[in-house]
Amino acid sequence: MTRQRARQRALRRGVGVAAVASALVVGTALPAAAGAAGAAGATGATGGSGVTAVTGGSGHAGTRTAMDTAVRTEGLPGMIATARSGKDSWTTAIGTADTTTGQPRSARERFRIGSVTKMFVATVLLQLQAEGRLDLDDTVDRWLPGVVSGNGNDGSAITVRQLLNHTSGLFAYDDDPGMAAVLFTPQFLSRRYDTWTPEQLVRIAVSHPPVFAPGAKREYSNTNYILAGMIVAEVTGHPYGTEIERRILRPLGLGGTSVPGTATAVPRPHARGYSKLFGGSPTPLDTTELNPSTAGAAGEIISTTDDLTRFLSALMRGRLLPQAELDEMLTTEGPGGLGIGGGTLSCGVAVWGHDGGIHGSSTLALTTRDGRHSVAFNTNADWFTGKLKLAEAEFCG
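Residues numbered from 1 in each chain as written. Predicted model: local features only at pLDDT ≥ 70, side-chain atom pairs only at ≥ 80, totals over all residues. Heavy atoms only, no water.

Before going further, it helps to spend a moment on the overall build of the chain. Tallying secondary structure elements over the chain gives 14 helices and 13 strands in all. Out of the 397 residues in the chain, the part that is buried amounts to 57%. In the chain, the share of contacts with a sequence separation of at least 24, taken over all contacts with a separation of at least 6, comes to 73%. For the chain, the accessible surface area stands at approximately 14500 Å², while carbon and sulfur atoms represent 52% of it. (Helix = DSSP H or I, 4+ residues; strand = E, 2+ residues; numbered from the N terminus. Buried < 20%, exposed > 50% of the residue type's maximum accessible area, 1.4 Å probe, protein only. Contact = heavy atoms within 4.5 Å. Areas by Shrake-Rupley, 256 points an atom, 1.4 Å probe, with all protein chains shown as cover.)

Looking at the secondary structure, you find Asn380 in the loop between strand E13 (373-379) and helix H14 (387-396). At 3.5 Å, the side chain of Asn380 forms a polar contact with the side chain of Arg105. At a separation of 3.0 Å, a polar atom in the side chain of Asn380 contacts the main-chain carbonyl oxygen of Arg272. When near neighbours in sequence (up to four residues on either side) are disregarded, Asn380 contacts Pro77, Gly78, Thr96, Ala97, Arg105, Ala271, Arg272, Gly273, Tyr274 and Gly360. (Polar contact = N/O pair within 3.5 Å; in protein donor to acceptor, adjacent residues only side chain to side chain.)

Before going further, it helps to examine the state of the cysteines. Disulfides are covalent bonds that connect the sulfur atoms of two cysteines. Throughout the structure, instances matching the rule amount to one disulfide. Residue Cys347 pairs covalently with Cys396 via a disulfide, S to S 1.9 Å. Sign of the S-S torsion, about -65° for the bond between Cys347 and Cys396, identifies this disulfide as left-handed. One end of the pair, Cys347, is in the loop between strand E10 (341-344) and strand E11 (350-358); the other, Cys396, is in helix H14, and 49 residues separate them in sequence. On the basis of relative accessible area, Cys347 is assigned to the partly exposed category, the value being 40%. Given a relative accessible area of 26%, Cys396 falls into the partly exposed group. (Disulfide = S-S within 2.5 Å.)

In the case of a regular strand, side chains alternate between the two sheet surfaces. Of all eight residues making up strand E3 (residues 88-95), six are buried, and the element is well covered by its neighbours. Between strand E2 (residues 78-85) and E3, which pair antiparallel and follow one another directly, the connecting turn spans two residues, one of which, Gly86, has a positive phi of 65°. (Pairing = 2+ DSSP bridges.)

Our next topic: unusual backbone geometry. Arg268 connects to Pro269 through a cis peptide bond whose omega is -5°. Examined against the element boundaries, Pro269 turns out to sit in the loop between helix H11 (240-252) and strand E7 (274-275). You will see that His166, though not glycine, has its phi angle at about 60°, which is positive.

For the structure shown, the criterion picks out 15 salt bridges. Between Arg133 and Glu131 there is a salt bridge, with the nearest N and O atoms lying 3.7 Å from each other. For Glu131, a relative accessible area of 43% puts it in the partly exposed group. The shortest N-O distance in the salt bridge between Arg191 and Asp194 comes to 2.3 Å. Residue Arg191 is classed as partly exposed on the basis of its relative accessible area of 28%. One salt-bridge network, in which partners are shared between bridges, spans Glu131, Arg133, Glu243, Arg246 and Arg247. (Salt bridge = Lys/Arg side-chain N within 4 Å of Asp/Glu carboxyl O.)

To continue, consider the nonpolar core. Ranked by internal contacts, the top residues of the largest apolar core, which has 71 residues, are Phe120, Leu125, Ile231, Ile244, Ile248, Phe311 and Met329. Excluding residues that lie within four positions of it along the chain, Phe311 makes contacts with Met119, Phe120, Thr123, Ile248, Leu252, Leu254 and Leu320. Core analysis: the second largest hydrophobic core is formed by 24 residues, Trp90, Tyr274, Leu364 and Leu366 among them. (Core = buried A, V, L, I, M, F, W, Y, C linked by side-chain atoms within 4.5 Å.)

Written out as C-alpha cells, the structure is:
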C-alpha cells in the first residue's frame, strides 16, 4: 500500500481511542500549544475563524487552546465541543460554519459522525445477546448464509465477535480500487448521490481474498460493520437504524441524532462540510450533501456533541447494557473492545471511545470508564490529524 493510501485509510477511519491513547503514550509529535491564545474565550455571540464562544464552566481553558491551535495550524474552518464532568456541562464553538458567508459555528449543530457509528451498532448487537436472540460467537453464516463466500472468504469461519473487534480478516470494501476512485478522487463529486446497498458493498469486499485468516490478527475493515448492520436486520426483522432509534435514541432522548439511510441532507442547524477527499483533492470542496449509504452501518449516523456525550455517559453507567455485556464490550484482552477502543493517556487517565471521519467531517468522542467525564469534538473538515492533542488537553490539561 502506498503512503498516500495509508494516510487516506487513517484519516477516513475512526480506529478507536486505543490507537489515540497508545500514540500519546509513545509521544507522537504534535503541534505546539499556542500558549494562552484563546484560553480566555468569550461568552455569547461568536465571530469568525479563531474566535471562541463558550458556555458553562471555566475548567476547560487547555481544551479551548488546543482547539484554537488546531483550527489555526491545520487550516480547519471551525470546531465545536461539548464536555460533561459530573453535573457540569461545557460547550464551545470556534471558527466558521460556512466559509462563503462567514457564519460562525455553533455547538448546537448536527454533523456526520463517521465511524463513531460503530459504537451504536455494537451496543445493539450486545443488547441482542443479552436478550438471548443471538450469541457473539455465532458464525456470520448462521445469520447471513452464503453472503460471505468466494475467493477464499468463508462466513462459516467468522464470528459476529470477530466482526465487532475487526479480527475477521475481511477485505475493506473501500480499499477496492473502483470504490476508492468513487470515494476519494474528484469522481466523488458526480457520484456523491448514488445509493449503495449493504449487499453491494459486501460483494465488493468478497471479490477480494481475505487479508488474513479469521482471528489471526486485528485490522480495521468497514466491511465488518456493514455485515453487523445486516445481522441486526436479520435477527430483529428491522433495519439496523430502526433498532438504534428504538433501543438507544428514544430511551435516552437523543433528539439530535438520526440514521439518515439514503437521505442526502444534514438536518438543521448544521455547518457546511469541507473535504480534501482524504488526500484526493489539494483544496477543500463543499461535500455537505451526500448519500451516506456508502458508509451504512460502518459510519452513516448524524449527531451532536451534546448527544454523543450523553450516549457515552449512559453506556458507561449501565443504562444500555447489562454488566456482563458492558464488560464484554470493554474487554482489554486479546484484540480489545467491541466497537469501542480503550487506552491510557500520558497523565494516567484511562479513556474509552471512538473517532470517525467521513467526507466533510471529523469527530472524536471519549469518556472515562465511570462515564462521569465525557467529551465530543467535531470539525467540519476531513483532514484533521490532531485528535490526540484534544484528548490530552481535555483529560490531562
